[in-house]
Amino acid sequence: MKALRKVLTALILSVTVPCMAARADYITVVGTVADASDGSACCFATLALYRNAELVAAVSADAGGKFEMKAIPGTYTLKVGLMGYKDYEDELNLFENSPRELKISLQPDAEMLSAAKVSDKVPVIEMKADKIVMNVSHSAFAQGSNGLDLLKKAPGVTIDKDGNVKLNGNPVSVWIDGRPSYLSGEALKNLLKGTSGTTIDKIEVIANPSAKYDAEGQGGIINIKTRRSSLQGLNGTLTLDGGGMYRSDLGQGIWNTGSNANINYRSAKNSTNLIIGRSWDHNLVSMGMDTEMPTSSGLLKSSSNSLLRSDDSSTQLQLSSDFFLDSKNTVGFIVSAPGSWSTMDSPLGDNSYLTTLDGLEISRSNAEIINHTKSPRYSGNLNWTRIFDPAKASEMTVNIDYLRNGSYNTSRQTNHDLSGGSESVTEREVTTGSEVDLVSAKADWQGLVFGQYMLEAGGKWAWSHTGFSNKHIETSLPDVNDGFIYNEHIGAAYATLAGQFGQKLSGKIGLRAEYTIANGDWNSDGEPYSNDYLDLFPNVNIAYMASPKTMLALTYNRRIGRPRYSQLNPSKVWLDANNTICGNRDLQPEYSDNVSVVGSFNQIYALYLGFQYRTNMINQMPSFDAMGHEQLIWSNVGRQMGVYLSMNVNEMPITKWMNWTLNLTGMTLRQMDVPTLSDDWNCAAQFYTSLSFSLPANWKIDWDAFGMSKMNWGYFVLQPYAFSSVAVKKTILDNKMTLSLKFDDIFDSSAQQLKIMGAEGVSNSMISQHFYARKVGVSLSWNFGQSQKARKRNVGNVEESSRLGGSSSLGK
C-alpha cells in the first residue's frame, strides 16, 4: 500500500501543477426563451449548463423570457425546461472571448399536464462518475413503501440481521439530505421504517466520496434526499396506505397502515416545508439456531426456535424553512422529532430450546419473551448561505446541528426448564437505556480560482456524549447494574480542487484531515478509557468524456470505520434466553483504500471496476460454552482484499412501452490474518433487475427482483437468498390523484441463513431468519395546490444547483 500511495501522490502533483499555471476569462451568454408556436416569452424557464454530466451553472429567465449567464471557455450541454413544454437540449461551444446571444424556442407539450408527467421521464437509475442515483420517487414502488423498503432496492445495498446497511458487503455511513444521520443498526432501521416512501426523492449511492464528506464508512456513503417542491404558493401531497396478508401456516397475519402529509409553501422571500406522518405495523419473524460440537462424550447438538410477533408504531414530524434575505443571503432552520415504539412478544409455545448428546436429550426448555422499546429523537439545524461572487460561484455555507437520540428497552423472559421430567422456572428482566447528545458545527466555502478551477475548503467540529445503563435481574443470581459514559471529539478540515484540462479531460483532487479524541468510563471494569489519533484521507477523481454520451472515470479515496459506542461496551446484551453479545473496549478503527474505474456508454450501459483493501476489520468473533450457547464479541480481525465488477443497464427500451434495468455485481474477497480461518479467495454475486411498463390511460406497472449468492464475511457466511415485488400505479383526476397496488415478496422468499465459521470446538453452526414480508398493499395519494397549474422548473438534475442547507431531511 505504501507504493500505491506514492503513485497517488505523484498523480495528485501531476493534476495540481497544471491547475496553478492555467487561466481563463469568462464568456457571457445572453438570450431569450420563447414559445415556438406564437413567439410569446417563456417566463421563468430554467436554463442549465452541464459539463461531463455535472451541473456547472443554472439561471432562470425573467418575466420577459430574457436570461444572462457566465461560463469559462469549453464545450457544454445546455438544457432548458419549463412546465408545459418539451425539454430542450443542445451542445454549446464557448471558445471565443466575446458575448454570445441565443434565441431558444420551446415546443409546447400538450400531454404534459402536470409535474407527474415530467417525473416519469427521469430514469430510475442513473450512473454518474462519482455515484449511482436511484430516483425512487419516479417508481411505482414509492407509494405504500417506507424508507427501509426503498433502500433495499438500491444497487449493491444489503441490510444484515442487525439492521446494519452495507454496500457491496461493506458497512456504509447513511446520510440524509447531505448530513450524516449518526445512526446505525436498529436505530437507523426504526427511523427508515417510520419514513413514508412518498417523502423520498432519490437515493445516492456514493462508493468513493470526495474529501468534502466525512471519512466515516468503509463502503462509502448513502445519501437519502427527500422531496421538496419548488413551486410558488401552497401545495403538497397527502397519502394513505395499508396492506396485509393472512398466514394460514401460522394461524395469524401481518398488516400495516400509514398516513403522511408533505406540505410546502413558497414565496419570493420564504420556502417552508412540513412533514407529518404516522405508521403502524404488525410483523412476524421466525428465528432458529442449530449448533454441533464434538466432545469426548459424543456429539453435542443444541437448537433453538422462536416465532416473534412485534407491534410497531412510528411518527414522522419535521418543519424546515428557508428565508431569502436578499440575492446573496439565505438563512434556514430544520426541527425534527421522529420517534418509534415497539412491543415484541413471543408466548411460551413459540420458543423452544433443546440440547442432545448423541441423540439423547439432556436439556429442554421453553420461554416466554416480552420486549418493550421506545426510541425518541429530537434534532435541530441552523444554516446560513452567503454568495460572495456569483460570477466565480463563490459562496459559503455554515451549519450548526444538535441531536438527541434515545433508546429505552425492557425485556422480560420467563424460562421453563423441562429437563428430567420436572419443571423449574427462572425469570430474567433486563432494562437498558441509552442517550446520545451530539453537537456539530461546520463551514464550507467554494469558489473559482486561477480563472476556471473550483476550490472547495471547509472545517468541522463534532462532540458527542453517550450514556448507557444496564440493569439485569435474574432468579438465583445477584443483580447486575452497570453501564458506561463515552465522549468523542472529532475535528476535521478539508480542501478539494477541480478543473477542466482541455475539452474532454477533467479532474478533482482533495485531502481531508480528521483528529479524534475519545474517552470513556465503563462501570463493568472500573477503568477509564482514552484514545486519540490523527488520520489523513486523500481522494482523486479523473474523468474523460470521449463523447457527450461516453464517459470514463478513475477514483481513489481512503476511508475509516470507527468503533460504535455499543461495540466498545463490554457489558453483556442478551439476544435471547441463552445467547449474548458484548463489546470490546480495546477496539481500534478500521481503514480502507478504494480504487474504482467507471465507464458509461450511451447513457444506458455502464461498467464499474473496483478494488478495496481493508485493515483492522471490525467484526463479531463467535465463541460457545460447554452447552453450545453462543457469545459474540466485537473484535479487530485481520485484513481483507476485494475486487468488484458491476454492470448496469439503465432503462434500456425493449418496446415503446417497456424498459429494462439491470444491476449485476460480482466480487471476489480474500480475508487474511483472521484467527482460525484460512486465507482463501471467495466469490459472490448479487443483482437487481426491474421491468417498467408505461401503458395507455396513465397506467404504469413496475416489477423488480433482488438476489444474492453465498457471501463470506469474517466468521460468517451469508447463504443465497432472493425476493421479488410488483407494483401497479394509476393516475386519475387530471393527475391530481394516484392509486397504487403493491405485492411484496411474491414468492415468500425473504429468508436469510447465516453460517458461523471458525468457532473453536464447533463443527457446524447455523442461524436462520424468516421475515414474513409477503403481503398486498394499497396506497392513495392526492396532490393539491398550484402544482397542477403552475409552470414547474424541470431540467434533468437541475435541483443539484439548489442549496441543500434548508432542504427537508429525515430525523434532522
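Residues numbered from 1 in each chain as written. Predicted model: local features only at pLDDT ≥ 70, side-chain atom pairs only at ≥ 80, totals over all residues. Heavy atoms only, no water.

Participant: Help me get a handle on the overall build of the chain, residues and values and all.
Facilitator: Within the chain one finds 5 helices and 48 strands. Relative to its full complement of 812 residues, the chain shows a buried share of 53%. Long-range contacts, defined here as pairs at least 24 residues apart, represent 66% of the contacts in the chain between residues at least 6 apart. Here the chain has roughly 34100 Å² of accessible surface; of this, 58% comes from carbon and sulfur atoms. (Helix = DSSP H or I, 4+ residues; strand = E, 2+ residues; numbered from the N terminus. Buried < 20%, exposed > 50% of the residue type's maximum accessible area, 1.4 Å probe, protein only. Contact = heavy atoms within 4.5 Å. Areas by Shrake-Rupley, 256 points an atom, 1.4 Å probe, with all protein chains shown as cover.)

Participant: Got a sec to walk through the environment of leucine 317? Specific residues and values, please.
Facilitator: With respect to the helices and strands, leucine 317 occurs in strand S20 (residues 298-324). Its relative accessible area of 42% is what places leucine 317 among the partly exposed residues. Once the C-alpha coordinates of leucine 317 and threonine 195 are considered, the two residues, 122 residues apart in sequence, prove to be 9.8 Å apart. Sequence-distant contacts of leucine 317, defined by excluding residues within four places in its chain, comprise Ile275, Ile276, Val335, Ser336, Ala337 and Pro338.

Participant: Tell me about the sheet that holds strand S4 (residues 66-71), residues and numbers included.
Facilitator: Pairing within the open sheet is mixed, and its 3 strands lie in the order S4-S1-S7. Of all the strands in the sheet, the pair left with one neighbour each is S4 and strand S7 (100-106). Averaged over neighbouring strand pairs, the angle between their axes works out to 25° when direction is ignored. In the sheet, strand S1 (residues 27-35) pairs with S7 via 7 bridges, with the strands oriented parallel. Bridge pairing links glycine 31 to leucine 102 in S7. (Pairing = 2+ DSSP bridges. Axes fitted to C-alpha atoms, helices over the stretch in contact; angles between N-to-C directions.)

Participant: Residue-level account of the pairing of strand S35 (residues 605-615), with values.
Facilitator: For a regular strand, side chains alternate in direction, first toward one face of the sheet and then toward the other. Relative to S35, strand S34 (residues 590-601) is paired through 11 bridges, and the arrangement is antiparallel. Note that in S35 the partner of phenylalanine 601 across the bridge is tyrosine 605. In this structure, the hairpin formed by S34 and S35 is closed by a connection of 3 residues, where asparagine 602 is found at a positive phi of approximately 60°. Here S35 pairs with strand S38 (residues 639-655) via 10 bridges, running antiparallel.

Participant: Can you break down the confidence of the model for the chain residue by residue, with the values?
Facilitator: Mean pLDDT over the chain works out to 82, with 86% of the residues at or above the 70 mark. Within the model, the stretch residues 112-120 combines pLDDT values under 50 with 24 contacts to residues more than four positions away or in other chains. Low confidence marks residues 787-812, where pLDDT is under 50. Its contacts with residues over four positions away, or in another chain, come to 108 contacts. (pLDDT = per-residue confidence, 0-100.)

Participant: Before we move on, could you go through the packing of aromatic side chains and cite the residues and values that matter?
Facilitator: Evaluated as defined, the whole model comprises 8 aromatic pairs. Plain terms: the ring middles of phenylalanine 323 and phenylalanine 333 are 6.4 Å apart, the flat faces sit at 25° to each other, and that makes the pair stacked. Of the two residues, phenylalanine 323 is situated in strand S20 and phenylalanine 333 in strand S21 (residues 329-336); the sequence distance between them amounts to 10 residues. Taking the relative accessible area as the measure of exposure, phenylalanine 323 reaches 35% and is therefore partly exposed. Here phenylalanine 333 falls in the partly exposed class, since its relative accessible area comes to 23%. Pairing phenylalanine 706 with phenylalanine 723 gives two aromatic rings, centres 5.7 Å apart and planes at 35°, and the pair type is tilted. Here phenylalanine 706 is found in strand S41 (residues 699-708), whereas its partner phenylalanine 723 is found in strand S44 (residues 721-732), with 17 residues between them in sequence. Summarising the burial analysis for this pair, phenylalanine 706 and phenylalanine 723 share the class buried. (Phe/Tyr/Trp six-rings, centres within 6.5 Å; stacked < 30°, edge-to-face > 60°.)

Participant: Account for the sheet that holds strand S33 (residues 580-582), naming residues and giving values.
Facilitator: Strand order in the open sheet formed by 4 strands is S32-S33-S37-S36, with mixed pairing between adjacent strands. The sheet is open, and its two edges are formed by strand S32 (573-574) and strand S36 (618-624), each paired on a single side. Pairing of S32 with S33, which is carried by 2 bridges, proceeds in the antiparallel orientation. If you follow valine 573 over to S33, its bridge partner there is isoleucine 581.

Participant: Please give an account of a negative patch on the surface that cites residues and values.
Facilitator: Negative charge collects at one region of the surface, where Asp87, Glu89, Asp90 and Glu91 lie side by side. Tracing the backbone shows aspartate 87 in the loop between strand S5 (74-81) and strand S6 (88-94). The exposure class assigned to aspartate 87 is partly exposed, which follows from its relative accessible area of 43%. (Patch = residues over 30% accessible without salt bridge, like charges linked within 9 Å, V, L, I, M, F, W, Y side chains within 5 Å. Salt bridge = Lys/Arg side-chain N within 4 Å of Asp/Glu carboxyl O. Lys, Arg positive; Asp, Glu negative; His and termini not counted. Charge placed at Lys NZ, Arg CZ, Asp CG, Glu CD.)

Participant: So what's going on with the pattern of salt bridges? Which residues, and what values?
Facilitator: Taken as a whole, this structure holds 22 salt bridges when the rule is applied. A salt bridge links glutamate 474 to arginine 428, with the nearest nitrogen and oxygen atoms 3.2 Å apart. Within this pair, whereas glutamate 474 is found in strand S27 (residues 453-474), its partner arginine 428 is found in strand S26 (residues 424-449), the two being separated by 46 residues in sequence. On the basis of relative accessible area, glutamate 474 is assigned to the buried category, the value being 15%. Where salt bridges share partners, they join Asp214, Glu216, Lys460, Arg512, Glu514 and Arg562 into one cluster.

Participant: Kindly report on the nonpolar core, identifying the contributing residues and their values.
Facilitator: Core analysis: the biggest nonpolar cluster contains 67 residues, and Val165 and Ile203 have the highest contact counts within it. When residues no more than four places from it in sequence are discounted, the contact partners of isoleucine 203 are Ile132, Val133, Met134, Val136, Leu150, Leu151, Ala154, Ile222 and Asn223. Membership of the second largest hydrophobic core comes to 23 residues, among which are Cys42, Ala45, Ala71 and Leu82. (Core = buried A, V, L, I, M, F, W, Y, C linked by side-chain atoms within 4.5 Å.)

Participant: Can you explain the side chain of aspartate 745? Please cite residues and give values.
Facilitator: The residue aspartate 745 is located in the loop between strand S45 (737-744) and strand S46 (751-756) in this model. Buried aspartate 745, no salt bridge; nearest opposite-charge side chain is arginine 247, N-O distance 6.5 Å. In this view, aspartate 745 contacts Phe723, Ser724, Ser725, Ser750, Phe771, Ala773 and Arg774; residues no more than four positions away in its chain are not counted.

Participant: Help me get a handle on the side chain of asparagine 584, residues and values and all.
Facilitator: For asparagine 584, the location among the structural elements is in the loop between S33 and S34. At a separation of 3.0 Å, a polar atom in the side chain of asparagine 584 contacts the main-chain amide nitrogen of aspartate 586. In contact with asparagine 584, not counting residues within four places along its chain, are Gln567, Leu568, Asn569, Trp634 and Ser635. (Polar contact = N/O pair within 3.5 Å; in protein donor to acceptor, adjacent residues only side chain to side chain.)

Participant: Kindly report on the environment of leucine 150, identifying the contributing residues and their values.
Facilitator: Along the polypeptide, leucine 150 turns up in helix H3 (residues 147-151). Along the primary structure leucine 150 and glycine 197 are separated by 47 residues, whereas in three dimensions their C-alpha atoms are 7.0 Å apart. Apart from the residues within four sequence positions on either side, leucine 150 is in contact with Val136, Phe141, Ala142, Ser145, Gly197, Ile200 and Ile203.

Participant: Tell me about the pairing of S44, residues and numbers included.
Facilitator: As defined by bridge partners, S41 adjoins S44 across 10 bridges and the pair is classed as antiparallel. Bridged to aspartate 702 within S44 is alanine 727. Note: S44 against S45, 7 bridges, orientation antiparallel. Pairing of alanine 727 across the sheet is with lysine 742, part of S45. Hairpin connection, S44 to S45: the antiparallel pair is bridged by 4 residues, and leucine 733 has positive phi, about 55°.

Participant: Tell me about unusual backbone geometry, and name the residues and values.
Facilitator: The backbone phi angle of asparagine 616 is positive, close to 60°, even though this residue is not glycine. When its relative accessible area of 33% is taken as the criterion, asparagine 616 is described as partly exposed. Positive phi outside glycine occurs at aspartate 745, with the angle close to 50°.

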